[in-house]
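# Reading the structure
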Amino acid sequence: VDGLMKTVAAINSLCFVEIKTSDTDLVRSYRPGVFAPSLELAGAVSQIQVTVQRALEDLTEVFRPTHSETGDSTGEVLFQFQPRSFLVIGNLGELNSPNGANKDRFRSFELFRRSLRWPEVMTFDELYARAKFIVDDAEAVTE
């Protein structure tokens, strides 16, 4: 996995992140009007699902991290009850045609990613838009 993170709230839990590139294909042609997930997208979904499953098998429900250099406990307690997982891959611009969004390509991609229980699949441009919104909103509050 490319990132092992934790949520920060009243109770902390593990979160897994797989990161591909913004150039990674999202879909490929399958039949007229139907696009299948690209090999890279399908593989990345399988990769993070296996990683999370292995973590569930290898780690206990409660994870107490240690410092990598000293081995001392960090004092944190992280829970991993079906940890959240995210896949960051590709760019929605790939689903455009010269005259705007290609409905068939976008529909196929959306139906695929919404049918997954996990990981949550997001594209680089979507992640950028989320981050920009948070930063812009925080700046508006401080002004």
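Look up: the structure comes first, before these words.
Because the structure is predicted, anything quoted here is derived from the model rather than measured. (Residues numbered from 1 in each chain as written. Predicted model: local features only at pLDDT ≥ 70, side-chain atom pairs only at ≥ 80, totals over all residues. Heavy atoms only, no water.)

## Notes on the pairing of strand β3 (residues 27-31)
Residues in a regular strand project their side chains so that they alternate between the two faces of the sheet. To be explicit about the condition: Any two strands are treated as partners once DSSP identifies two or more bridges connecting them. Secondary structure follows DSSP: runs of H or I at least 4 residues long count as helices, runs of E at least 2 residues long count as strands, and numbering of each begins at the N terminus.
Here β3 pairs with strand β4 (residues 34-37) via 4 bridges, running antiparallel. Along β4, the bridge assignment pairs S29 with F35. Remark: 2 residues form the turn of the hairpin made by β3 and β4, two consecutive strands paired antiparallel; G33 in that turn has positive phi of roughly 80°.

## Examining helix α1 (residues 39-58)
What counts, and what does not: Helix span, as expected, comes to 1.5 Å for every residue beyond the first. Throughout, exposure labels follow a simple rule: accessible area from a 1.4 Å probe, protein chains only, divided by the maximum for the residue type, with under 20% read as buried, over 50% as exposed, and the rest as partly exposed. Starting at the helix axis, one direction is taken to each C-beta atom, and the arc is that of these directions.
The terminal C-alpha atoms of α1 lie 28 Å apart, and with 20 residues this matches the ideal 28 Å at 1.5 Å per residue to within 8%. For α1, the full list of buried residues reads L41, A44, V45, I48, T51, V52 and A55. Axial view of α1: buried residues confined to an arc of 130°, hence all on one face. Exposed residues pointing more than 90 degrees away from the buried face of α1 are listed as L39, R54, E57 and D58.

## Quick look at the nonpolar core
Quick reminder of the rule: By nonpolar core we mean a set of buried residues, namely Ala, Val, Leu, Ile, Met, Phe, Trp, Tyr and Cys, connected to one another through side-chain atoms within 4.5 Å. Note on contacts: a residue pair qualifies if any of its non-hydrogen atoms lie within 4.5 Å across the two residues.
Within the largest apolar cluster, 12 residues are counted, these being L26, V27, F35, L41, A44, V45, L87, I89, L92, L95, F109 and V121. The element that contributes the greatest number of residues to this core is α1, accounting for 3 residues. The residues contacting L41, other than those within four sequence positions of it, are D25, L26, L87, I89, F109, F112 and V121. Core analysis: the second largest hydrophobic core is formed by 7 residues, F16, V52, A55 and L78 among them.

## Thoughts on the side chain of T24
Rules: N or O atoms within 3.5 Å of each other form a polar contact, as long as, within protein, one can give a hydrogen and the other can take it, and as long as residues adjacent in sequence are counted only when both atoms are side-chain atoms.
Structurally, T24 can be placed in the loop between β2 (12-19) and β3. Among the polar contacts listed, one links the side chain of T24 to the side chain of T21, at a separation of 2.9 Å. What T24 contacts, discounting residues up to four positions off in sequence, is E40, I89, G90 and E94.

By themselves, these observations are geometric and do not establish any function.
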